[in-house]
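# Chains, contacts and geometry: an overview
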Amino acid sequence: MKNILLAVPLRKFACPLTGVFSSEKVQTGEIREKIQKKYGPVNMNDENVNSENIDSKSTDSEKTFEDDISKNSTYNRKGTITSDGDILESKIKNNSSDSYSAPERQVTAKMDVQGSSIQNPTMKNIENESLSMNSGSSPSVPKKKRSGTSYIVVLLALITVIVVSIAAIFYGLGFGGNLGSSEKIAVIYVQGTMLTGNVPAGLGYATSEEISEKIRSAVADKNVKAIVLRINSGGGSPAAAQEITAEIEKAQEQGVPVIVSMGDLGASAAYYISTPADYIFVNPSTNTGSIGVIWTFENMSGYYQNEGVDHYVSKSGEFKDMGSTWRGLTDEEKEYADTVVMESYEDFITQVAEGRNMSRSEVKELADGRIYSGSRAKELGLVDDFGNLYDAIDKAAELGGVQGEPKVVYMNRVSLSSLLLGSESNDSSEEASQLVSYFEESPYGKILACWGN
């Protein structure tokens, strides 16, 4: 036979069978009536339902119970709860041996009542801990407090991003790398056409202002033990070469050795600034040499004549418009131009002879403007050895007395700031030409210690 056990809390709880609230005083007639309506005719066993315990005291209890119900509109039940002596047990049995027929059910109710109240700490805890539910509404879910750890993690991540960004900017500007180390090697790039002026790095020009400033900064840092010039340049202005050479010699006077590492090209004015170095590294296929000076002029008089462009020139002296594009040079001007070029050339010869410990006659035999490969230049004594940038750094550490692995600081590697500046224009070469127009478009022509121009 199937036994259905329904356990319900004794106080203030909805009876699972009847749907009515049970109180400390239960009316047997009411229970029978409700059960019969829901399950059919039911026989109540008086020995299971102790009606004698339900006496005249029920009036006050029922009144109190009704007041409690009116004050509390929500009730909770999370499941069937059983506790010996603390709950009401209701059993519905199909008893074939009883005098009643099969459809009839027997309800046994046991109630342990002490006075008008029931000592049930389990139910009190359940009532206190259960979630209140309003009729027809879903249970409220307590809001989950966000852990303080998540805020700390986000804050640390933001700080890390900021610190890394600042470090990258300072590194690109030449302040990063191994700052704070006791012994350092400074690497300074000389890339592109050399000239005086202020042009951001990475636009194809190497200005004497920037190179000189980086050399001075390296010398001012007492932790810098040597300087490496990484050269990739076909030359440029003799004046720019002389300014850079002066700063190299000042560094050496301060006890800071200077080593040159040539890449693809280190010719003419680029070779000029290499000659005072303590050591010169090249690759076998590096193009170097091109010892000489050139002054170029442009005659556009035929173009102007075809276009009908006429010029009137008022000048204070015969040579004041020398090199102008509207006419060619006179014989006197050509002679004068040769004189100026030879003056710069003699300075170049002197610089090479002193820097490479050669006689002026030896240098002049080589200084006809020709380019030499790195291999040939080594045979002629124009350079010292083969090696790349890192060989030059090792040599710098050796000459600078650095113990162990050298700490390298790249003083003017192409930086984020220069790239951003270069990207402001749609064409960086166009922007660069505007910055150096004074040099490229000189009305007096261009005097260069430069190969290929």
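About the thresholds
- Residues numbered from 1 in each chain as written.
- Predicted model: local features only at pLDDT ≥ 70, side-chain atom pairs only at ≥ 80, totals over all residues.
- Heavy atoms only, no water.
- Salt bridge = Lys/Arg side-chain N within 4 Å of Asp/Glu carboxyl O.
- Buried < 20%, exposed > 50% of the residue type's maximum accessible area, 1.4 Å probe, protein only.
- Helix = DSSP H or I, 4+ residues; strand = E, 2+ residues; numbered from the N terminus.
- Expected span 1.5 Å × (residues − 1).
- Polar contact = N/O pair within 3.5 Å; in protein donor to acceptor, adjacent residues only side chain to side chain.
- Core = buried A, V, L, I, M, F, W, Y, C linked by side-chain atoms within 4.5 Å.
- Contact = heavy atoms within 4.5 Å.
- Pairing = 2+ DSSP bridges.
- pLDDT = per-residue confidence, 0-100.

## Concerning the pattern of salt bridges
Counting across every chain of the model gives 13 salt bridges. A salt bridge links Arg-327 to Asp-321; the shortest N-O distance between them is 2.7 Å. Judged by its relative accessible area of 7%, Asp-321 is buried. Arg-356 is the partner of Asp-384 in a salt bridge, and the nearest nitrogen-oxygen pair spans 3.0 Å. With Asp-384 in the loop between helix H11 (374–380) and strand S17 (385–386) and Arg-356 in helix H9 (residues 331–356), this residue pair connects regions lying 28 residues apart in the sequence. According to the relative accessible area criterion, Arg-356 is buried, its value standing at 12%. Each of the salt bridges in this network shares a partner with another, and the network as a whole consists of Lys-315, Asp-321, Arg-327 and Glu-333.

## Notes on helix H6 (residues 238–253)
Look at H6: 23 Å from first C-alpha to last across 16 residues, which is about the 22 Å you get at 1.5 Å a residue. Two or three places before Ala-239, at the opening of H6, Ser-237 has a side-chain oxygen 3.2 Å from that residue's backbone nitrogen. The positive-phi residue at the C-terminal boundary of H6 is Gly-255, with phi of around 85°.

## Some words on the nonpolar core
Core analysis: the biggest nonpolar cluster contains 53 residues, and Met-194, Ile-215, Ile-227, Leu-229, Ile-273, Ile-291 and Leu-382 have the highest contact counts within it. Excluding residues that lie within four positions of it along the chain, Leu-382 makes contacts with Tyr-271, Ile-280, Ile-291, Arg-356, Met-358, Leu-366, Tyr-372 and Ala-377. Counting residues in each nonpolar core, the second largest holds 16 residues, with Ala-226, Tyr-279, Ala-397 and Val-408 among its members.

## Re the environment of Lys-315
Inspection of the secondary structure puts Lys-315 in the loop between helix H8 (301–307) and H9. In this view, Lys-315 contacts Lys-320, Asp-321 and Arg-327; residues no more than four positions away in its chain are not counted. A polar side-chain atom of Lys-315 sits 2.8 Å from a polar atom in the side chain of Asp-321.

## Considering the pairing of strand S12 (residues 258–267)
Regular strands have side chains that alternate between both faces of the sheet. Counting buried residues along S12, nine of its 10 residues qualify, which places the element largely inside the surrounding structure. As paired elements, S12 and strand S13 (residues 279–282) share three bridges and run parallel to each other. Counted as the bridge partner of Ser-261 is Phe-281 from S13. Summarising the sheet, S12 and strand S14 (residues 287–289) pair through three bridges and their orientation is parallel. Within S14, the position partnered with Leu-265 by the bridge is Asn-287.

## Quick notes on the confidence of the model for the protein
On average, the protein scores 74 in pLDDT, and the residues at 70 or more come to 56%. Note on residues 1–26: pLDDT under 50 across the span, and 91 contacts to partners over four residues away in sequence or across chains. Low pLDDT, under 50, characterises residues 65–119; the stretch is placed with 118 contacts to residues that sit more than four places away or in other chains.

## Thoughts on helix H5 (residues 208–220)
Under the 1.5 Å per step criterion, the end-to-end length of H5 is 18 Å for 13 residues, consistent within 8% with the ideal 18 Å. Listing the buried residues of H5 in full gives Ser-208, Glu-210, Ile-211, Ser-212, Lys-214, Ile-215, Ala-218 and Val-219. The inward-facing, buried residues of H5 abut strand S7 (184–191), strand S8 (193–195), strand S9 (205–207), strand S10 (224–233) and H6.

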